[in-house]
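# Inside the fold
Residues per chain are reported as follows:
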Amino acid sequence: MNTECTVDGVRVTLLDANHCPGAAMLLLHLPNGKTVLHTGDFRADPSMERYPELVGQKVQTLYLDTTYCSPEYTFPTQQEAITFAATTAFETLTSNPRTLVVCGTYSIGKEKVFLAIADVLGCKVCVSRDKYNIMCCLESERIKELITMDWDATQLHVLPMMQVSYKGLQTHLNKFSGKYDQIVAFKPTGWVYSGLSESMANIRPRVRGNITVYDVPYSEHSGYLEMKRFVQWLKPEKIIPTVNVGNPKERRAMESVFREWKSEMKQKTN
């Protein structure tokens, strides 16, 4: 990461993409003098505006992660979402110590959320064997100390995102009925976001019996305004979207958005 190497005449530098662990943007200096930035999956953050490799760098072509390239996806910051989940988990356990805390995940992703909950609760995180093996690849002693495969060793369990449903959670709770009498679960994903408000205070749980689920608007892809800010700071000559490009209507909508961003940039410089 952050070290330039040459591959077939192309100078390549990997930059932290603020996505899942190990995700990187590719900064490519081509033999013809052109510069290309491919974000891959990323979540734009103001800290990227301080990346030495990007400061003052003219980029001809930007391949942009356009997962949420629509104005209704204006998320709270990652830290706000993480703090909400950790605080809610702590308050719930304080109210009822017989609560099992669950966080949804993918094969890789959402680690920041459940590791923050573990820090606040002062406990380990139980994960599946596959997830454990993947997280060990991060070569982090801190993470290795926090994770376990012993479901009885902690009140914080990580389950596949598809299992974070009333049925899946009830089935999981039934395995530990002697220890816990309710579940509070967090489903961190940008797709649940309504776009009605950026405030975490408006989040309300879904409750069925002894199962409570919070849909947390936490994403590892850029929200609309974050994406816009990054593009307007970088000022690429050309933008190529990499997500939602199969539908002509969506492509035209994104092209319209890019033109609007560029028009705003010109107005600011005039």
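Note: the structure precedes this text.
Described below are features of the structure shown in this document. (Residues numbered from 1 in each chain as written. Predicted model: local features only at pLDDT ≥ 70, side-chain atom pairs only at ≥ 80, totals over all residues. Heavy atoms only, no water.)

### A word on the nonpolar core
Inclusion rule: To form a nonpolar core, buried Ala, Val, Leu, Ile, Met, Phe, Trp, Tyr and Cys residues must be joined to one another through side-chain atoms within 4.5 Å. Burial classes follow relative accessibility: with a 1.4 Å probe on protein chains only, a residue under 20% of its type's maximum area counts as buried, one over 50% as exposed, and anything between as partly exposed. Strands here mean DSSP runs of E at least two residues long; helices mean DSSP runs of H or I at least four residues long; both are numbered from the N terminus.
In terms of nonpolar packing, the biggest core is built from 32 residues, with Val101, Ile117, Phe186 and Val216 touching the most fellow members. Elements supplying a minimum of two residues to this core: helix 1 (78-95), strand 6 (99-105), helix 2 (111-121), helix 3 (129-136), helix 4 (141-146), strand 9 (156-160), strand 10 (182-188) and strand 12 (211-216). In terms of residue count, helix 1 provides more of this core than any other element does, seven residues in total. Counting residues in each nonpolar core, the second largest holds 26 residues, with Val59, Cys69, Leu234 and Val257 among its members.

### A look at unusual backbone geometry
One can expect most non-glycine residues to show negative phi and most peptide bonds to be in trans. Positive phi outside glycine occurs at Asp8, with the angle close to 50°. The phi dihedral of Lys235 is positive, around 55°, even though this residue is not glycine. Inspection of the secondary structure puts Lys235 in the loop between helix 6 (224-234) and strand 13 (238-241). Taking relative accessible area as the criterion, Lys235 reaches 40% and is therefore assigned partly exposed.

### What to know about the side chain of Thr99
The condition that has to hold: Within 3.5 Å is the distance limit for a polar contact, defined as a pair of N or O atoms, with the added protein rule that one can donate a hydrogen and the other accept it, and that residues adjacent in sequence qualify only through two side-chain atoms. Two residues form a contact once any of their heavy atoms are found within 4.5 Å.
For Thr99, the location among the structural elements is in strand 6. On the basis of relative accessible area, Thr99 is assigned to the buried category, the value being 0%. Within the structure, Thr99 has its side chain in polar contact with the backbone oxygen of Asn96 (distance 2.7 Å). Of the polar contacts made by the side chain of Thr99, one reaches the side chain of Gln182; its length is 2.6 Å. Aside from chain neighbours lying at most four places away, what touches Thr99 is Thr92, Leu93, Gln155, Tyr180, Gln182, Ile183 and Val184.

Geometric descriptors of this kind do not, in isolation, establish any biological role.
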